[in-house]
Amino acid sequence: MGKDNNKIALLISIASIIIVAGYVISTVTSNTSVHNTSSYVGVKRDIFLFTSEMAEFNETRMGMPKDTFTPDTISAYKGDTLVIHFFNAEAEGGDKHSFTIYSKPYNVNIVLDPGQNKTVTINANTTGIYQYICTFHPPTMTRHLVVLEPTK
Ligand SMILES: [Cu+2]
């Protein structure tokens with residue numbers, strides 16, 4: 001009787017191992033197949049980003065600068081390459097502006113004098129919403145880079 005119980009215990013152990021192993025393999029396989037079905041190939045997106053000003057904005061009354069970014073939002077799919085052409089549209093004698101992201105992995109800080117432009121390339125390899133700012137004009141020069149998971 002004791003021997004039979006040991007055999008049964010051994011068989012249950014083996015069966016448990018097989019079930020767990022099968023579950024692990026099926027999980028790994030299904031994760032792999034999810035990756036394989038994603039057919040999205042990243043593209044290069046040229047973004048022209050300008051400094052601008054809100055018309056008839058009373059800086060004194062509002063207690064903040066009238067300066068903004070145009071466009072409002074930069075969007076990409078994960079896998080895209082963003083080539084951002086940043087222009088300081090101020091006339092000579094105007095303000096400096098920056099394009100600054102503090103969040104990893106997209107940390108960047110470009111500072112432009114009036115009339116200057118610079119280009120920065122961002123590999124959009126991580127999804128999420130990332131704030132970009134001009135360090136000289138908070139809070140109005142605050143916008144977002146949105147990196148989306150491809151839908152196909
Ligand atoms: Cu600014």
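From a predicted model like this one, the values you see are computed outputs, not experimental measurements.

Rules of the game
- Residues numbered from 1 in each chain as written.
- Predicted model: local features only at pLDDT ≥ 70, side-chain atom pairs only at ≥ 80, totals over all residues.
- Heavy atoms only, no water.
- Donors = N, O, S within 2.8 Å, 3.2 Å for Na, K, Ca; no water.
- Tetrahedral: all angles 85-135°; square planar, octahedral: opposite > 155°, others 65-115°.
- Buried < 20%, exposed > 50% of the residue type's maximum accessible area, 1.4 Å probe, protein only.
- Helix = DSSP H or I, 4+ residues; strand = E, 2+ residues; numbered from the N terminus.
- Pairing = 2+ DSSP bridges.
- Phe/Tyr/Trp six-rings, centres within 6.5 Å; stacked < 30°, edge-to-face > 60°.
- Contact = heavy atoms within 4.5 Å.

Caption draft 1: Here's a closer look at the coordination of the copper ion. Those protein atoms acting as donors to the copper ion are His-97 (ND1), Cys-134 (SG), His-137 (ND1) and Met-141 (SD), and they sit at 2.0 to 2.5 Å. Every donor counted, the 4 donor atoms about the copper ion form angles of 92 to 134° at the centre, which fits tetrahedral coordination. Between the donor residues of the copper ion, the gaps in sequence give the motif H-x36-C-x2-H-x3-M. Of the two residues examined, His-137 and Met-141, each falls in the buried class.

Caption draft 2: Summary view of the pairing of strand 4 (residues 80–87). Judged by how many residues are buried, strand 4 sits mostly within the fold: 6 of 8 residues are covered. Here strand 1 (residues 44–53) runs beside strand 4; their pairing, made up of 7 bridges, is parallel. Each bridged residue has a counterpart across the sheet, and for Phe-48 the counterpart in strand 4 is His-85. The sheet contact formed by strand 4 and strand 7 (residues 117–124) spans 8 bridges and is antiparallel. Looking at the pairing, Val-83 lines up with Thr-121 of strand 7.

Caption draft 3: Inspection of the packing of aromatic side chains at higher detail. In the structure shown here, the tally under the stated rule is 8 aromatic pairs. Where Phe-69 meets Phe-86, the ring centres are 6.0 Å apart and the plane angle is 50°; that geometry is what we call tilted. You can see Phe-69 sitting in strand 2 (residues 67–70) and its partner Phe-86 sitting in strand 4, a full 17 residues away along the chain. An aromatic cluster is present here, built from Phe-69, Phe-86, Phe-99 and Tyr-132 joined pairwise through their rings.

Caption draft 4: Examining the environment of Gly-42 more closely. As for its position among the elements, Gly-42 is in the loop between helix 1 (2–37) and strand 1. Distance from Gly-42 to Tyr-77, taken between C-alpha atoms, is 7.2 Å for residues 35 residues apart in sequence. Residues within four places of Gly-42 in sequence aside, it is in contact with Gly-79 and Asp-80.

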